[in-house]
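Survey of secondary and tertiary structure
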Amino acid sequence: LHAQSVNAVEFAHSTLCPTPLVSCFVDDCIERGVDIRRGGAHYNYTSPNAVGLANLGDSMLVIKRKIFEEKKYSMDELRGFLRSDFLGHERVRQEFLNDVPKYGNDDDEADAMARRCGEDYCIDFKRYTGYRGASFQPGLQSISAHALFVGSLGATPDGRTKQMLVSDGGVSPAQGRDICGPTAAMLSVAKLNHLEATNGALLNVKFHPSAVKGERGLENLCALTDAFFGLGAQHVQYNVVDSEVLRDAQKHPEKYGDLVVRVAGFSVLFTTLDTVLQNDIIERTQHNCC
């Protein structure tokens, strides 16, 4: 049994695809002449990822504005709103949603709060060492983990209720709150401290097909992307799809067997996703201009 286990490990190592470029920048791989995937690294770091950065930043700004500056509500009242999932307090929820700036609209105050939250998270994690003796390398990306919090994460001060989605991707604005267009949203994202997010960041942007139609549309999309990376950002991925098409695909999946969407780090046939992730992609802000 022991021999079989060893052979299985050796087989696994021999079949892993090598990563020579990454191995060049990881200590001890070159010295040992062994790829990082085959034991060349001295340490194996751990990469925790953030979920709901936009909700956190927006929530902290609501607390700052409504509790501490305006003194309109007390912390005890806020706790009551959240514990009740805003039941009976829809006016307050709408106030929190609409009366306080939101990350994703090139608003310096809202963006600074999101930056502070992301920066503190990344820097604090790096103070600790994992059980294998290596450092933590945090990232501002949630892949699709944000969908897991529907119905389990309680209401948040930004106006999100328990049954609502947490912000997708990692650095994306919360669904429907980036109301000033894709340029404003990407300017907000570029203000984050991407250098501290050593395991990467993830931004989702959704365009209506008409926004990137033809040569002019393609040129605009390329210019937008180039400008975004020129500001120091590190990731963006696009969906080019009509939300109405996605809604129809939910009702009539047999008509859309080849409809592919980008979720977060991976692409998949839309009709094979569960309803929560389908709704996540539908609810992402649809930009009609590039």
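Each chain carries its own residue numbering, running from 1 in the written order of its sequence. pLDDT decides what is reported in this predicted model: residues at 70 or higher carry local features, side-chain atom pairs at 80 or more are listed and counted, and totals for whole chains, interfaces and linings draw on all residues regardless. As a rule here, side-chain values come from all non-hydrogen atoms in the structure, and water together with hydrogens is ignored.

1. Looking at the overall build of the chain
To qualify as a helix, a DSSP run of H or I must reach at least 4 residues; to qualify as a strand, a run of E must reach at least 2; elements of each kind are numbered from the N terminus. On a plain count of helices and strands, the chain comes out with 11 helices and five strands. Counting only C-alpha atoms, the chain reaches 65 × 50 × 45 Å along its principal axes. In the chain, which comprises 290 residues, the share counted as buried stands at 43%. Sequence-distant contacts, at least 24 apart, represent 65% of the contacts inside the chain between residues at least 6 apart. The method behind every accessible area is Shrake-Rupley, applied with a 1.4 Å probe, and residues are considered shielded solely by the protein chains displayed. About 15300 Å² of surface is accessible on the chain, with carbon and sulfur atoms providing 56% of the total. His is not counted here, nor are the chain ends, while Lys and Arg score as positive and Asp and Glu score as negative. Lys charges are placed at NZ, Arg charges at CZ, Asp charges at CG and Glu charges at CD. Here the chain contributes 30 positively and 37 negatively charged side chains, and the mean placements of these two sets differ by 4 Å. Using a 1.4 Å probe on the protein chains alone, a residue whose accessible area is under 20% of its type maximum counts as buried, one over 50% counts as exposed, and one in between counts as partly exposed. Any two residues having at least one pair of non-hydrogen atoms within 4.5 Å are treated as being in contact.

2. Focus: the packing of helix 4 (residues 53-69) against helix 7 (residues 108-125)
Helix-helix packing: each pair is described by the crossing angle between the helix axes and the interaxial distance. Across the interface, helix 4 lies against helix 7 with an axial gap of 8 Å and an inter-helix angle of 120°. Between helix 4 and helix 7, the angle is such that the two are oblique. As helix 4 runs across helix 7, the sense of the crossing is right-handed. Along its contact with helix 4, which presents Leu 53, Leu 56, Gly 57, Met 60, Leu 61, Lys 64 and Arg 65, the element helix 7 presents Glu 109, Ala 110, Met 113, Ala 114, Cys 117 and Gly 118. Note on definitions: angles span 0 to 180 degrees between N-to-C directions of axes, and those axes are lines fitted to C-alpha atoms, for helices only across the stretch in contact. Every angle not falling under 35 degrees, over 145, or within 65 to 115 is termed oblique; those three ranges are roughly parallel, roughly antiparallel and roughly perpendicular. Left-handed describes a crossing whose near helix is turned anticlockwise from the far helix by less than a right angle; the clockwise case is right-handed.

3. Topic: helix 8 (residues 182-190)
Across the nine residues of helix 8, seven count as buried, placing the element largely inside the fold. Of the positions making up helix 8, those classed as buried are Pro 182, Ala 184, Ala 185, Met 186, Ser 188, Val 189 and Ala 190. Against the buried residues of helix 8 lie helix 7, strand 1 (204-207), helix 9 (214-230), strand 2 (237-240) and strand 5 (286-287).

4. Comments concerning the pairing of strand 1
Here strand 1 shows two buried faces, one formed by Asn 204 and Lys 206 and the other by Val 205 and Phe 207. Crossover handedness is defined by viewing with both strands directed away from the observer: a clockwise path from the first strand over the helix to the second marks the crossover as right-handed. Handedness of the crossover is the feature at issue here: the chain leaves strand 1, passes through helix 9, returns alongside strand 2, and the resulting connection is right-handed.

5. Quick word on the nonpolar core
Buried Ala, Val, Leu, Ile, Met, Phe, Trp, Tyr and Cys residues form a nonpolar core when they are joined through side-chain atoms within 4.5 Å. Membership of the largest hydrophobic core comes to 27 residues, with the highest contact counts inside it found for Tyr 103, Leu 140, Val 171, Leu 203, Phe 207 and Phe 228. Mapped onto this core, the elements with two or more residues apiece are helix 4, helix 7, helix 8, strand 1 and helix 9. If one sorts the elements of this core by residue count, helix 7 sits on top with four residues. With near-sequence residues (within four places) excluded, Phe 207 lies in contact with Pro 182, Val 212, Leu 221, Leu 224, Tyr 238, Asn 239, Val 240, Val 241, His 287, Cys 289 and Cys 290.

6. Topic: the packing of helix 10 (residues 243-251) against helix 11 (residues 275-283)
Between helix 10 and helix 11, whose axes approach to 9 Å, the crossing angle comes to 160°. Between helix 10 and helix 11, the crossing angle belongs to the class labelled roughly antiparallel. Of the two elements, helix 10 crosses helix 11, and the hand of that crossing is left-handed. Where helix 10 abuts helix 11, its residues Ser 243, Leu 246, Arg 247 and Gln 250 lie against Thr 275, Gln 278, Asn 279, Ile 281 and Ile 282. Gly falls in the polar group here, along with every residue not listed as nonpolar (Ala, Val, Leu, Ile, Met, Phe, Trp, Tyr, Cys, Pro) or charged (Asp, Glu, Lys, Arg). Residues of the contact of helix 10 with helix 11, tallied by class, amount to three nonpolar, five polar and one charged.

7. Let's talk about the packing of aromatic side chains
Here a pair means two rings of Phe, Tyr or Trp (six-membered ring of Trp) with centres within 6.5 Å. Their orientation is stacked below 30 degrees between planes, edge-to-face above 60, and tilted elsewhere. Summed over the entire model, instances satisfying the criterion amount to eight aromatic pairs. Between Phe 86 and Phe 96 the ring centres are 6.2 Å apart and the planes differ by 80°, which places this aromatic pair in the edge-to-face class. Taken together, the residues span a long stretch of sequence, with Phe 86 in the loop between helix 5 (75-83) and helix 6 (90-98) and Phe 96 in helix 6 at a distance of 10 residues. Residue Phe 86 is classed as buried on the basis of its relative accessible area, which comes to 3%. With 5.4 Å between their ring centres and 55° between their planes, Phe 125 and Phe 136 make a pair best called tilted. Placement of the pair is Phe 125 in helix 7 and Phe 136 in the loop between helix 7 and helix 8, with a sequence separation of 11 residues. Under the relative-accessibility criterion, Phe 125 is labelled partly exposed at 28%. Cluster of aromatic residues (ring-pair linked, three or more members): Tyr 73, Phe 81, Phe 86 and Phe 96.

8. What about the sheet that holds strand 1?
For two strands to pair, DSSP has to find at least two bridges joining them. The strand order across the open sheet formed by three strands is 2-1-5, and the pairing between neighbours is parallel. The sheet terminates laterally at strand 2 and strand 5, the two strands that pair on one side only.

9. Describing the side chain of Asn 105
Note on placement: Asn 105 falls in the loop between helix 6 and helix 7. Looking at Asn 105, its side chain comes within polar contact range of the main-chain nitrogen of Cys 180, at 3.2 Å. Those residues in contact with Asn 105, other than ones at most four positions away along the chain, are Arg 177, Asp 178, Ile 179, Cys 180, Ala 184 and Ser 188. Any N or O atom pair separated by 3.5 Å or less is treated as a polar contact, with the protein-specific requirement of one donor-capable and one acceptor-capable atom, and with residues adjacent in sequence counted only for side-chain atom pairs.

10. Remarks on the pattern of salt bridges
When a carboxyl oxygen of Asp or Glu lies within 4 Å of a side-chain nitrogen of Lys or Arg, that pair is called a salt bridge. According to the stated counting rule, one finds 24 salt bridges in the structure shown. In this structure, Glu 69 and Lys 64 form a salt bridge, with 2.6 Å as the shortest nitrogen-oxygen distance. Look at Glu 69 and you get partly exposed, because its relative accessible area is 44%. In this structure, the salt-bridge partner of Asp 99 is Lys 66, at a minimum N-O distance of 2.5 Å. Of this pair, Asp 99 sits in the loop between helix 6 and helix 7 while Lys 66 sits in helix 4, and the two are 33 residues apart along the sequence. When its relative accessible area of 41% is taken as the criterion, Asp 99 is described as partly exposed. Within the structure, one salt-bridge network assembled from shared partners comprises Lys 66, Glu 70, Lys 72, Arg 91, Glu 95 and Asp 99.

Everything listed here is a matter of geometry and, on its own, says nothing about what the molecule does.
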